[in-house]
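# Notes for the structure review
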Amino acid sequence: MVSVGSKSLPSRRHRTIEEDSLMGERGKSSNNHSERNKGMRRKDHKGNRGFDGDSSKKNQSGGAPNVKPASKKHSEFEHQNQFVRKEIDPETSKYFSEIANLFDSNEVELEERSVICGNALEETRGREYEIATDYIISHVLQTLLEGCELDQLCSFIRNSASVFPAIAMDRSGSHVTESALKSLATHLENPDAYSVIEEALHSICKVIVDNPLDMMCNCYGSHVLRRLLCLCKGVSLDSPELYGAKSSKALAKRLNLKMSQLDDNNLEIPHQGFPGMLTYLLSGLLSCSREDMKYLQVDQYSSLVLQTALRLMLKQDEQLLEIIPLILRCNSTNKKVEGFHIETNVAKEILESMKDNSFSHLVEVILEVAPESLYNEMFNKVFKNSLFELSVDRCANFVIQALISHARDQEQMGIMWEELAPRFKDLLEQGKSGVVASLIAVSQRLQSHENKCCEALVGAVCSTNESRISILPRLLFLDYYFGCRDKSTWEWAPGAKMHVMGCLILQGIFKFSSDHIQPYITSLTSMKAEYITETAKDSSGARVIEAFLASDAATKQKRRLIIKLRGHFGELSLHTSGSFTVEKCFDACNLTLREAIASELLDVKVDLSKTKQGPYLLRKLDIDGYASRPDQWKSRQEAKQSTYNEFCSAFGSNKSNFPKNTFVSDASEDAAQEIEVKNTRKEIDHHPTSGFKRHREKHAKDKDEPFAGEKRSKQKKNKTSEATDKPKLAGSKRPFLSGEMTGKNRHSNKMRI
């Protein structure tokens, strides 16, 4: 036994890898000060209000140059509740240092570890603030909180509740409080622990709501506060969307590029949370004065807290109709008039503050979660007649993108069109292409002004006396084109990276009906073969080609583009993004071109099989089958394509998402070939994805044994034959590869935008 302070501890062992991971970013050695100083802590922020920061400076988020504290109370934030931190006595430092060394030695059994953690946490009683904010000991305290029992954890939280905000606002203490909250979340799997945890959380929240402003406006405290809100809601404490991160899914939804109609905004709730505690905490955070709220709107850290709170209340319209008016500093309801109303003076203040970075982020979230009545009121009272002015602002243009993306009806689309469409060229010249992309996306979603949007974009890129043949190249290199002084002399920029937003705009364009986008189709198919190849090699440009191949453009136009890629399919398949393009080309082309693609991939089979995407592509295109028996491979491709075309004609609809334009060889028109295709269809109609199951069924019938799926197969066959006999009802059936099925493949895991 080893003596540590006044305690007796077991012998030492090296710390396990799992215990190492419990220390997180804080470093593996609890005594190595230099190691922790190398990126093992959060970065210092300029002008922070933390206990370790410069209290003479305030963090302003930028955008609004003269934003100042709205009341005297804010000027006292840095001086309120400043605890005088006492030094840790040498005996206590030695005690925790030896505990750290003991855990490092990995010679502590699990049961002994729990006892040691409990005893050590008892030593912090009455000195929680000093110990938790000590740079060295705080690392040890984190490990203790993650390894102790629930009763010991809750006891520490209750004992430290009075100084919890002060600990959370410290650079080192914030990590301790986060570890405590994470450890609480792990115990929620036990239903019996719910009441104990709720009591501990209530002791924290009670202190926070007494004076929430300084914690909300602190760079460390705000982070802890957001984690506490997530814990009360019952969602994951590490969800990036709740911390202001804009995921690719959010951008895909904003630009109407989602492959599935499922709502990605639904938060995963692993446990029931504490709804009463969440309401209590939010009420305390929002109970400040109008002047205080004006400051919280534009403060970088408090704005993030408000954004997290709003996201957590998604789809809870009743609560949002109370919370959002408080955040916007207006009355939630006019009792004399039904509904939500924004006064004129408040609307002007919101409009003026929109150019602030932090407030613009906050309004983006408000527009994302706002109930329809509130959105409509904000649209009419705040944004109407100011759309272009805000669209050219560095920060406010993102708010306009959010506003456009969440438009409710065609009437709002019409207002946006009138204000923004005539200024497309100005928006593109000033680098605000995201506004244009959002308007095109909502036009497609609401099916309003489609042709006008396409024509307006053409007019923005090409003057009336210019040929429209250059539309695609200019949009692909949007920044290069509009950055050129003499645009009449601009040419293709070989080797340059294509403009991401320009490519996203083109992806949206190719979702329109081909009747509206003929100039774009002609421009793309008229590009030189080397330009088409370079576009396919670019990660953003490749998605434009894929969008074109998935459009309802004529088959001859698609074939014209695919032919220009001949000789480069093998090279493209070796690139991650290019492999998607090769697959799309294979699906969209006729048998002759499919054979050419397979031949080129066979030449690079060895190298392709070593890439991440190679094995899938080789298997999908059946390159091994082509290499061993090309004639049978050709027959299978004809059979598959003909079967697919027959199925689409019988059960598909004009609005379905599967490609309409596919090709078969001329030989498939022969009567003999049609009979062969129909026979093949009968074999694969009910089990198209599993040849193994068909083999089992046949084997069972040969032995007169019942097959498990035989009954279900007969039922499905009867239903299929009924549908075939009644083509008038085919439109009511779910089409094969319908919109919900599209994207349920290897592409669906990562939205490529």
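Taking an unreviewed UniProt entry as the reference, the protein is identified by name as Pumilio RNA-binding repeat belonging to Arabidopsis suecica.

## Observations regarding the overall build of the protein
Broken down by element type, the protein carries 44 helices and two strands. Relative to its 753 residues, the protein shows a buried fraction of 50%. Long-range contacts, defined here as pairs at least 24 residues apart, represent 74% of the contacts in the protein between residues at least 6 apart. Accessible surface, the protein: about 36,700 Å² in total, of which carbon and sulfur atoms supply 49%.

## Some details on the pattern of salt bridges
Scanning all chains against the criterion turns up 16 salt bridges. Across the pair R254 and E364 runs a salt bridge whose closest N-O atoms are separated by 3.3 Å. With R254 in helix α14 (residues 248-254) and E364 in helix α20 (residues 357-369), this pair connects stretches of sequence that are 110 residues apart. Look at E364 and you get buried, because its relative accessible area is 3%. The shortest N-O distance in the salt bridge between E571 and K537 comes to 2.6 Å. Linking E571 in helix α35 (residues 569-573) with K537 in helix α32 (residues 529-537), this pair joins segments that are 34 residues apart in sequence. Owing to a relative accessible area of 34%, E571 belongs among the partly exposed residues under this scheme.

## Considering the packing of aromatic side chains
The final tally for this structure, using the stated rule, is 13 aromatic pairs. For the ring pair Y375 and F379, a centre distance of 6.4 Å and an interplane angle of 20° mean the geometry is stacked. Taken together, the positions of Y375 and F379, both in helix α21 (residues 372-383) and four residues apart, correspond to about one turn of that helix. In this structure Y375 comes out as buried when scored by relative accessible area, which is 0%. Centre to centre, the rings of W492 and Y531 are 4.3 Å apart; their planes meet at 5°, and the pair counts as stacked. With W492 in the loop between α29 (478-482) and α30 (500-509) and Y531 in helix α32, this residue pair connects regions lying 39 residues apart in the sequence.

Calculation rules
Residues numbered from 1 in each chain as written. Predicted model: local features only at pLDDT ≥ 70, side-chain atom pairs only at ≥ 80, totals over all residues. Heavy atoms only, no water. Helix = DSSP H or I, 4+ residues; strand = E, 2+ residues; numbered from the N terminus. Buried < 20%, exposed > 50% of the residue type's maximum accessible area, 1.4 Å probe, protein only. Contact = heavy atoms within 4.5 Å. Areas by Shrake-Rupley, 256 points an atom, 1.4 Å probe, with all protein chains shown as cover. Salt bridge = Lys/Arg side-chain N within 4 Å of Asp/Glu carboxyl O. Phe/Tyr/Trp six-rings, centres within 6.5 Å; stacked < 30°, edge-to-face > 60°.

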